[in-house]
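# Notes for the structure review
Below are the chains, spelled out letter by letter.
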Amino acid sequence: MSTIIKNGTIVTADLTYKADVKIEGGKIVEIGQNLSGGKELDATGCYVMPGGIDPHTHLEMPFMGTYSADDFESGTRAGLAGGTTMVVDFALPSPGQSLVDALGMWHNKTSRATADFSFHMAVTWWGEQVFNDMATIVNEKGINSFKHFMAYKGALMVDDDEMFSSFQRVGELGALAMVHAENGDVVAQMQAKLLAEGNNGPEAHAYSRPAEVEGEATNRAIMIADMAGVPLYVVHTSCEQAHEAIRRARAKGMRVYGEPLIQHLTLDESEYSNPDWDHAARRVMSPPFRNKTHQDSLWAGLSSGSLQVVATDHCAFTSEQKRFGIGDFTKIPNGTGGLEDRMPMLWTHGVNTGRITMNEFVAVTSTNIAKILNMYPKKGAILVGADADIVVWDPAKKKTISAASQQSSIDYNVFEGKEVTGLPRFTLTRGHLAINDGKVDTREGHGEFVKRPPVTPANKALSTWKEITAPRKVQRTGIPATGV
Ligand code: DUC
Ligand code: ZN
Ligand code: ZN
Ligand code: ZN
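Please read these numbers as outputs of a predicted model, since none were measured by experiment.

## Here we look at the nonpolar core
In terms of nonpolar packing, the biggest core is built from 132 residues, with Val48, Ala177, Ala221, Leu232, Val234 and Val392 touching the most fellow members. For this core, the leading source of residues is helix H14 (residues 358-372), giving eight residues. In this structure Leu232 touches Ala177, Val179, Ala221, Ile222, Ala225 and Val256, once residues within four positions along its chain are discounted.

Given below as structure tokens:
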């Protein structure tokens, strides 16, 4: 049985044109005028776009003494309701655990996923086993990206020695290095100082992680990636200092990518001054929300192309979980939701305001990351042969965001009360109509793992192009005898 999306305007990362789209067997099989012969979906007045890809989620993640509250079922359902048809989550090995075992544990969480998914593999410790496992992960398990935490000291953090070793291995394997860039040593010291001084409320979370902490780590990661000759993806880029480092590296010819979150683009640090403890704690995430200067920098990066992807870092905790941190802000589980709201909020604050074009919207919500993670054009494209992961976007549809009507399982929404204009009329996941004018018909288990091969056998990214050869030992004419 085919499905035909009729009377819409196709919007891709580079083209806008009127055409119908025919879907069979979960794939796009024809694009053209006046198509017929199947179940019709009316896209009059709408834009037909590649479904969103959120490359940064933490579903059912063990973290800070608990588990993030949305799992692969509610998380992917929330995504579909907001036009996102794929998520990329993170498999996190515990210290000493093999990467292959950790990946197996994460696969076991996905049996009820309602949309397609993939994983980045985190490198949380270093040793010969990790070195060996990394090849298996890339060559047999379909994962081409490795995340490194420069913060969360004593838990997920790796030091520079481990990170440099890992980056070199990532480069050898033709994969992508990723970093959570915050200086974890400085954060730990500032947290201790703030607590000792009696600053134990959620606002102190932001004081302990100023923009400098992120700027320093971003610069350091870029320099280390340059020495290792590996491309680098900086997750949740939230400030001008980090953006500046990324801009500079790109101008020198390095493959460095930056990923602002919809939360950092649209919510600011004043949220932490709210007198309601719950209000502030619900917005505790790392990096924290920043001021308008940083937000303007991120928006400028999206329109100029120096930042390439908008994600969520969806890591939702209930109010009850957030309250683990009453009396000690360092125990508030870090994370906010956003999967359902990323695309409507970005459309409302980006496209409707004229900061980005519709085509740039598609680029930063879908196509760019599909290319960076090497799954284009299966994902991120409206092309014959691509997966029918499609959002039919109604630019006139409005709603007020509210926890009362959201798909996520938590009891609040950080965007509560925000009006959005621009929402999905239909969301299709590999041809299945999951969202039909607000009605949710997701299928548990419909989501499949998407394999992502290495980018090239040697994906080199150096600021000064040079062949990598063994260092040349200088032949000396004489060496002074010691002790003379
Ligand atoms: N930041 C968060 O806020 N939550 C999960 C992990 C992270 O880096
Ligand atoms: Zn992070
Ligand atoms: Zn994250
Ligand atoms: Zn189906």
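Read on for the rest.
## As for the sheet that holds strand S12 (residues 116-122)
If you trace the seven strands from one edge of the open sheet to the other, you get S8-S11-S12-S13-S14-S15-S16, paired in parallel fashion. Strand pairing shows two members of the sheet lacking a second neighbour, strand S8 (52-57) and strand S16 (256-258), which therefore form its edges. Across the sheet, the axes of successive neighbouring strands diverge by a mean angle of 30°, strand direction being ignored. Sheet topology places strand S14 (residues 176-180) next to strand S15 (residues 232-234); three bridges connect them, and they run parallel. Within S15, the position partnered with Ala177 by the bridge is Leu232. Running over the sheet, helix H4 (residues 160-172) touches strand S13 (145-149) and S14 and is turned about 170° from S13.

## Section: the packing of H4 against helix H7 (residues 211-228)
One way to put it is that H4 packs onto H7 with a least axis distance of 9 Å and a crossing angle of 45°. In this view, H4 runs oblique relative to H7, as classed from their interaxial angle. Crossing hand, H4 versus H7: right-handed. Taken together, the residues of H7 that come into contact with H4 (itself represented by Asp160, Met163, Phe164, Phe167, Gln168 and Gly171) are Ile224, Ala225 and Ala228. Split into classes, the residues belonging to the contact of H4 with H7 amount to six nonpolar, two polar and one charged.

## Topic: the site of ligand 1
Neighbouring ligand 1 are His58, His180, Met285, Ser286, Asp313, Cys315, Asn334 and Gly335. Taken together, the residues that form the shell around ligand 1 break down as two nonpolar, five polar and one charged.

## Quick word on the UniProt feature "domain: Amidohydrolase-related" (unreviewed entry) in the chain
Mapped onto this structure's residue numbering, the UniProt feature "domain: Amidohydrolase-related" (unreviewed entry) falls at residues 47-420. Its end C-alpha atoms 16 Å apart, residues 47-420 is made of 39% helix and 16% strand.

Parameters and conventions
- Residues numbered from 1 in each chain as written.
- Chains lettered and ligands numbered in written order.
- Predicted model: local features only at pLDDT ≥ 70, side-chain atom pairs only at ≥ 80, totals over all residues.
- Core = buried A, V, L, I, M, F, W, Y, C linked by C-beta atoms within 7 Å.
- Buried ≥ 20, exposed ≤ 12 C-beta atoms within 10 Å, placed from the backbone.
- Helix = DSSP H or I, 4+ residues; strand = E, 2+ residues; numbered from the N terminus.
- Contact = placed C-beta atoms within 7 Å.
- Pairing = 2+ DSSP bridges.
- Axes fitted to C-alpha atoms, helices over the stretch in contact; angles between N-to-C directions.
- Parallel < 35°, antiparallel > 145°, perpendicular 65-115°, else oblique.
- Left-handed = near helix turned anticlockwise from the far one by under 90°.
- Nonpolar A, V, L, I, M, F, W, Y, C, P; charged D, E, K, R; others polar.
- Near = placed C-beta within 6 Å.
- UniProt positions renumbered as here; feature names shortened; annotations may be inferred.

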